[in-house]
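Observations on the three-dimensional arrangement
Letter by letter, the chains look like this.
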Amino acid sequence: MRLARRLLVALALAMAPPAFAEELKIGLAAEPSAMDPHFHNLTPNSGMLSHVFERLVETAPDNKLVPGLAESWRTLTDTVWELKLRRNVKWHDGSPFTADDVIFTFARAPNVPNSPSSFAAAVKGKTIKKIDDHTIEISTPAPHPLMPNDLSNLLIVSKKHGDGAKTEDYNSGKAAIGTGPYKLVRYVPGDRVEMARNDAYWGGKPQWEKLLFKPIKTGPARVAALLAGDVDFIEDVPTADIERLKKEPKLALSQGVSRRVIYFHMDQFRDDSPFIKGKDGSAIKNPLKDTRVRLALSKGINRDAIVSRVMEGVAIPASQLLDHSFFGTSRKLQPVAYDPEGAKKLLADAGYPDGFKMTLHGPNGRYTNDVKIAEAVAQMFTRIGVETAIESLPPSVFFSRASIGAGGQPEFSFILVGWGADTGETSGSLKPLVGTFDKEKGTGTANRGRYSNPVLDKLIAEAQATVDDAKRAEILARASEMAMQDVAIIPSHYPVNTWGARKGLKVQPRADEYTLAMSVTKE
Amino acid sequence: MSLATSPAPAAIDGKAVPIETPLARFVSDFCESRVAVAALAVLVLIVALAVLAPWITPQNPYDLAQVDVLDSRLAPGEKSFKGPTHWLGTDGAGRDLFSAILYGLRISLSVGVMSGLIAMALGTSVGLIAAYAGGRLDTLIMRLVDLQLSFPAILIALMLIAMLGKGVDKIIVALVAVQWAYYARTVRGTALVEQRKEYVEAAVCLGLSNSRIVFRHILPNCMPPLIVLATVQAAYAIALEATLSFLGVGLPQTEPSLGLLISNGFEYMLSGKYWISFFPGIALLVTIVAINLVGDQLRDVLNPRLRR
Amino acid sequence: MTAFILRRLMQSAAVVAIMSLIVFFGVHVVGDPVYLLINPMADQKEIEEAIRALGLDRPIWEQYWHFLAGALEGDLGRSFVFGEPALKVIVQRMPATLELAFAALMMAILLGIPLGLYAGLYPDRLASRTIMAGSIVGFSLPTFWVGILLIMVFAVMLGWLPSTGRGETATVLGLTSSLFTLDGLSHILLPAFNLALLKISLVIRLTRAGAREAIHQDYIKFARAKGLSGRRVIGVHLLKNIMIPVVTVLGLEFGGLVAFSVVTETIFAWPGMGRLLISSIQSLDRPVIVAYLLIIVLMFVAINLLVDVLYSVLDPRVRLGEKSA
């Protein structure tokens, strides 16, 4: 036994990397599906590829937009934007970065074969024109204030290497030539992604010589890997472990509120909602159409309990669609206070003194602690007389049924879902979640409750055409207030993201949930 | 293991001690192993606890009105804010773990037993038909059985779940699908042997109907190996259900079986809240070990080659 | 013999065709992967575009026909998630799984046979009883639970072994495997043990039964009478005879190890094809599920055929082509 132990120790010593190698090993919760930056519009992919490729406009950790490959941008008219490109940027093979690469990217992004979720939205309706090698103009048919936000979603690829390249060519590394601080060395699907420092990086020498990304999907296994020293840095620390890890002297945690909200969508378009019944099981008219009932349910949720007991403190009770540190939110809104008596009274006023029966549907494993949140809320509703059963479904089944399950219409009556505003401003939540569902206009795309308010629609449209930031923020704040007044949705909480790193590393949390080696510095 | 040393064949032995009925002999044989008796006692206790769960648990863990999220993650022995003490602690949703384990046992056992019974009925019928019909039908059925048995059960179950989706009924279907072939093969083998015996010939001479011969005469004689198989399969089915639930493709999370309780507790393994996963794990382990120990002894006792 | 193999292959092809049909339609019925894969910000038009891009807008019969036509040319379709050929996605991950299964098999033999032999030779000793009790617990323990405990104890508490993942690989004689590096070996130890646990118990029981039977047989008595040392009797004569059934069973169990690695790979973040299957089931990546199934069916058919043929070569009493039970 002692011999075995000694052997193991010797083995461990022999394998320990030499101290001077500046390698950062990162444990990922979600694995990217490709190394092609335009294949799959998904957070793990975009995060990973931010090391290799760059965008015209970058997002700072606090969600502010900052110059990336574009040095500056301005509007020439309401519909035409001019961007100045950085001059001293080189691709990893040494060739210079020019406007042609941007134009090529705009053409490639919406046309990647077999893409399950393309970047078409980022370039849709935009006409791009090369003025000279380092100036471009982008025009849109109507005023489009979110131009920089759109550009902050699109990674620029090299024309020289990308022309005719397929997703496989990026995966093999052949076409994965970027301008970013790290070069792709090796991508072994399911196992690892290796990167090396780009010494010629325009933004100064990157901190780490080598990067190693390992997907470790299971939460405890990821934490174990960090505790055991197999990785230096992990994303998505499970809420269950945070309390203990905070006391761990070997580790340091860093947290930041996400641009995501966990909320409830309610059926507001059917007179007879399929999953709502009277207390005695008889059919009743859809009570969720009554604002008082919706408000009662909102008052029935103990948000503090959800945050402290279910989310173990790593969340913030929600008052609206996005935490008020983000653009276009309302400072006036406060989380609806827990008031079971008031809720019962409201229900009685609305004609439901005994409450009713309802099924809450939610995904299983899509959001942090989703099933537990559903269970807790069902407990709370049951206490105010709304007897609530829960059904949690695998995400693959849940989302298609929740969107088109009932003959092209949302199937459920009351669902738990989450929403992340990719653009980082409330318009990115208001338009798809509470805007009227309209296929042609592209509004209300994720409005699974079909709430509809023409006045609110108008406000959102107005904000969308307002280029002046201050004015737009004010309009969006008003729209948020209106949506909350109507209880168009019931917000629950904003999750807080947690990263864990070994002692000696400092991690800057990011609102966009990207896990980047650039966020990690040595203390 | 002194069984093999007895030289006398079974029939003579049986006549020599006329007071002993087969059942009595079976019981006394079984009781030779103290471990097996203890295991049986534990098993009976577990089943009793599971069956009586609604009357002996302090809480119905599936009734949301009785569970409070404010009680979540209490350590063993801690008091809830309403008063009652949770002797095994509570899980992440505030369920009393003792109650949740007993209710989970109910689900695990019923899934195991239900799927076992259906698989046994199905497999036995198919096996008997194969043995009695013979010829092409027999070849076809046994080919199917061989094929199925050459694939690992977990894969077949995974594929079925991928097609059927989640749910208690679906898990049972998947478990039946992976088990029936074992019964079919065992029954066919035994039935083929039994068929050639005199009592069947006698029955045929008497002009009894085929179904009567098969079900009233051959089937009872196939029972011993079936019983052994059933215990082993029950343990296997329970473990398989737990594994599928752990992989996230088994039962729905709101009414957790033992496997799901362990799986839910898995996320607390490193947080120091060991009890959420540990106690259900122990319950599952004890259950399966007890069934296996009983099954082992049954195999020894019912094996005709070892019979005195 | 040739006729037997031909018939076997034809039966297998029929099975493969039927299985693919069932799974193809079954997965289609469960749900639609698009809503899971697509960026939530996408509007209705983009969703429809994605459905078209994945070929899911066409009727299911047409999709199956398309799949069949491709399959006959060796193209099993493209993964919805990865956008690459499903076959390639699986084959990429296959070495990791095979190496894990192989390591587990070795472990089962190296631990199981000595322990089983000991328990068989000295059945009444306390150590033997402990071994046998351990073997019952060994195959009663749910694999996933043991996996977690192993990580807890050996990686987190003691810090002896890495917790998850596959180590560095090296190429020896054209074979790339992590078994050739120290780092790789240290990584594979825990998952392989986890996977092997069930088989260790099995081997212990088989070996013990074999030893108990053989010890009373004449050739052992003769060997002893000849004055051979106890060590030689056991090591050469006894072991040789026990090994035949053990090795046969283990050969068949190799496929089981590959299948059961689904669980181990999930816990230990092992980058093999088992974990791929689970995530493909969760994301309804139908081409990968179907391709995995076809590959595994072919693998099992091959293993079974090989075992049957080897058997007939080794044991002249077995004649292929006649009824085999």
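Residues numbered from 1 in each chain as written. Chains lettered and ligands numbered in written order. Predicted model: local features only at pLDDT ≥ 70, side-chain atom pairs only at ≥ 80, totals over all residues. Heavy atoms only, no water.

Quick look at the interface of chain A and chain B
Counting residues at the interface gives 28 residues for chain A, matched by 21 residues for chain B. If you sort the residues of chain A by the area they bury against chain B, P220(A), R309(A) and Q379(A) come out on top, with a joint share of 27%. Summed over the shared surface of chain A and chain B, the result is three salt bridges. Our count for the chain A to chain B interface comes out at four residue pairs in polar contact (both at pLDDT 80 or more). Elements that contribute at least two residues to the side of chain A that touches chain B include exactly α8 (219-227), α9 (239-247), α11 (303-310), α13 (370-383) and β19 (387-393) of chain A. Counting residues per element, the side of chain A that touches chain B draws most heavily on α13(A), at nine residues. Here the side of chain A that touches chain B is built from residues that sort into 12 nonpolar, eight polar and eight charged. (Contact = heavy atoms within 4.5 Å. Buried area = accessible area lost by both parts, 1.4 Å probe. Salt bridge = Lys/Arg side-chain N within 4 Å of Asp/Glu carboxyl O. Polar contact = N/O pair within 3.5 Å; in protein donor to acceptor, adjacent residues only side chain to side chain. Helix = DSSP H or I, 4+ residues; strand = E, 2+ residues; numbered from the N terminus. Nonpolar A, V, L, I, M, F, W, Y, C, P; charged D, E, K, R; others polar.)

A look at the confidence of the model for chain A
On average, residues of chain A carry a pLDDT of 90, and 96% of them reach 70 or more. In this model, residues 7-20 of chain A is a region of pLDDT below 50 whose contacts with residues beyond four sequence positions or in other chains number eight contacts. (pLDDT = per-residue confidence, 0-100.)

A closer look at the pairing of strand β18 (residues 357-363) of chain A
Residues and elements named next belong to chain A. Most of β18 is tucked away: six of the seven residues are buried. By the bridge criterion, two bridges tie strand β16 (residues 276-277) to β18 in an arrangement that is antiparallel. Residue K277 lies in a different strand from β18, and its bridge partner there is K357. The sheet contact formed by β18 and β19 spans seven bridges and is parallel. In the strand pairing of β19, K357 is matched with E387. Sheet analysis places β18 next to strand β20 (residues 414-420), joined by two bridges and oriented parallel. Of the residues in β20, the one forming a bridge with L360 is F414. (Buried < 20%, exposed > 50% of the residue type's maximum accessible area, 1.4 Å probe, protein only. Pairing = 2+ DSSP bridges.)

Thoughts on the interface of chain C and chain A
The interface of chain C with chain A comprises 51 residues on the first partner and 51 residues on the second. Carbon and sulfur atoms supply 56% of the area buried between chain C and chain A, which totals about 4,400 Å² over both sides. Area buried by chain C at its contact with chain A is led by Y35(C), M41(C) and W160(C), which between them contribute 16% of it. Of the charged contacts in the structure, one is a salt bridge between R78(C) and E168(A), with a shortest N-O distance of 3.3 Å. Across the chain C-chain A interface, the total number found is 12 residue pairs in polar contact (both at pLDDT 80 or more).

Structural notes on helix α10 (residues 291-300) of chain A
For α10(A), every residue scored as buried is listed here: V293(A), R294(A), A296(A), L297(A), S298(A) and G300(A). The opening residue of α10(A) is D290(A), an N-cap whose side-chain oxygen sits 2.8 Å from the backbone nitrogen of R292(A).

Topic: the nonpolar core
Within the largest apolar cluster, 288 residues are counted, with the highest numbers of intra-cluster contacts made by L297(A), F381(A), F414(A), V434(A), L158(B) and Y292(C). For this core, the element with the most residues is helix α10 (residues 210-246) of chain B, which contributes 17 residues. Excluding residues within four positions of it along the chain, F381(A) makes contact with L297(A), I301(A), M358(A), V386(A), T388(A) and F414(A). One finds L49(A), L155(A), Y182(A) and A517(A) within the second-largest nonpolar core, a separate group that totals 30 residues. (Core = buried A, V, L, I, M, F, W, Y, C linked by side-chain atoms within 4.5 Å.)

Looking at a nonpolar patch on the surface
Residue and element names in this part refer to chain B. A surface patch of nonpolar side chains, amounting to about 370 Å² of accessible area, comprises V42, Y274, F278, I282 and V286. When residues in the nonpolar patch are grouped by element, the largest group, three residues, is from helix α12 (residues 275-302). Look at V286 and you get partly exposed, because its relative accessible area is 35%. (Patch = residues over 30% accessible without salt bridge, like charges linked within 9 Å, V, L, I, M, F, W, Y side chains within 5 Å. Areas by Shrake-Rupley, 256 points an atom, 1.4 Å probe, with all protein chains shown as cover.)

Side note on the pattern of salt bridges
In total, this model carries 44 salt bridges over all chains according to the counting rule given. For R108(A), the salt bridge is made with D36(A), and the minimal N-O distance between the two is 2.8 Å. Of this pair, R108(A) sits in helix α3 (residues 99-108) while D36(A) sits in the loop between β1 (23-28) and α2 (43-49), and the two are 72 residues apart along the sequence. Across the pair, D36(A) and R108(A) agree in class, each one buried. For E137(A), the salt bridge is made with K129(A), and the minimal N-O distance between the two is 3.9 Å. When salt bridges with common partners are traced through the structure, they connect R186(A), D191(A), R192(A), E194(A) and E168(C) into a single cluster.

Focus: the domain arrangement of chain A
Residues and elements named next belong to chain A. Its domain assignment divides chain A into domain 1 (23-215) and domain 2 (260-496). Each of domain 1 and domain 2 was reduced to a C-alpha centroid, and the two centroids are 34 Å apart. Contacts between the two partners involve seven residues from domain 1, matched on the other side by 11 residues from domain 2. Where domain 1 abuts domain 2, roughly 840 Å² becomes buried across the two surfaces, and 54% of that area is made up of carbon and sulfur atoms. When the area that domain 1 buries against domain 2 is broken down by residue, the three leading residues are N63, P145 and L146, summing to 51%. At the junction of domain 1 and domain 2, the tally comes to zero salt bridges. Between domain 1 and domain 2 we count one residue pair in polar contact (both at pLDDT 80 or more) in total. Here the residues of the side of domain 1 that touches domain 2 sort into three nonpolar, three polar and one charged. (Domains from an automatic or database assignment.)

Comments concerning the sheet that holds strand β6 (residues 80-85) of chain A
Residues and elements named next belong to chain A. Read from one edge of the open sheet, four strands run β5-β6-β8-β7, paired in antiparallel fashion. At either margin of the open sheet sits one strand with a lone partner, and together these are β5 (70-75) and β7 (127-132). Along the sheet, successive strands turn relative to each other by an average axial angle of 20 degrees, direction set aside. The pairing of β7 with strand β8 (residues 135-139) spans five bridges and is classified as antiparallel. Residue K130 lies in a different strand from β8, and its bridge partner there is I136. α3 rests against β6, β7 and β8 of the sheet, and its axis sits at about 170 degrees to β7. (Axes fitted to C-alpha atoms, helices over the stretch in contact; angles between N-to-C directions.)

Re the confidence of the model for chain B
Residues and elements named next belong to chain B. When pLDDT is averaged across chain B, the result is 80; 91% of the residues are at 70 or more. Predicted confidence for residues 1-17 stays below pLDDT 50, and this span has 10 contacts to residues more than four positions away or in other chains. Scoring of the predicted complex yields 0.84 for pTM and 0.81 for ipTM.

What to know about the side chain of K214(A)
The topology assignment puts K214(A) in strand β12 (residues 210-215). Setting aside anything within four residues of it in sequence, one finds K214(A) in contact with I26(A), G27(A), L28(A), D191(A), R192(A), G165(C) and R166(C).

A closer look at the environment of V246(C)
Residue and element names in this part refer to chain C. When you line up the elements, V246 lands in helix α10 (residues 230-268). According to the relative accessible area criterion, V246 is buried, its value standing at 2%. Spatially, the C-alpha atoms of V246 and G235 are 15 Å apart, while their sequence positions differ by 11 residues. Not counting residues up to four positions away in its chain, the partners in contact with V246 are I113, V203, L206 and T207.

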